[in-house]
Amino acid sequence: MFSFRLAGRAGDDVDHANARRATLLSLQPSVEARIGRHLNLSLSHSMRRLSRGGDEIRDAGLTQGQIVYHFTSRALVRAIMQYQNRTATRRCTAHLCSARRRRSSRRSCSRTG
């Protein structure tokens, strides 16, 4: 038996790191094959992209492969392989900039006093 599945979501979401609105694109394709009564193979990928105003904020992907061999109804061997890929843009948002300014002003005040 062979099966293919595709799930996805697109729309508004929240960029929690910067406390602001963003646009989300999420896709999850997966493939599964059952070979005989004992062997199951599956491969899936999950992709999430968060952007704001055309600029990419965060891009994350997880690819997972799984092999399961059933000896009996109570005994099996399973192997899982994963690959994770994440990228995030490092921009100085208003919240982070004000925190950095406060830290740098404290340092300068402590040096003069």
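Scroll up for the structure.
Here's a quick rundown of the structure. Everything numeric in this text was worked out from a predicted model, so none of it was measured. (Residues numbered from 1 in each chain as written. Predicted model: local features only at pLDDT ≥ 70, side-chain atom pairs only at ≥ 80, totals over all residues. Heavy atoms only, no water.)

Residue placement: Ser44 occurs in strand β3 (residues 39-52). Each C-alpha atom of the pair Ser44 and Leu62 lies 8.2 Å from the other, and the pair is 18 residues apart in sequence. Leaving out residues up to four positions away in the same chain, Ser44 has contacts with Pro29, Ser30, Leu62, Thr63 and Gln64. (Helix = DSSP H or I, 4+ residues; strand = E, 2+ residues; numbered from the N terminus. Contact = heavy atoms within 4.5 Å.)

To continue, consider the sheet that holds β3. Taken together, the 5 strands give an open sheet; going across it, the order is β1-β2-β3-β4-β5, and neighbouring strands pair in antiparallel fashion. Only two strands of the sheet have a single neighbouring strand rather than two, namely β1 (2-15) and β5 (76-88). When the angles between neighbouring strand axes are averaged without regard to direction, this sheet yields 10 degrees. As paired elements, strand β2 (residues 20-35) and β3 share 11 bridges and run antiparallel to each other. In the sheet register, Ser30 faces β3, and the bridge partner there is Ser44. (Pairing = 2+ DSSP bridges. Axes fitted to C-alpha atoms, helices over the stretch in contact; angles between N-to-C directions.)

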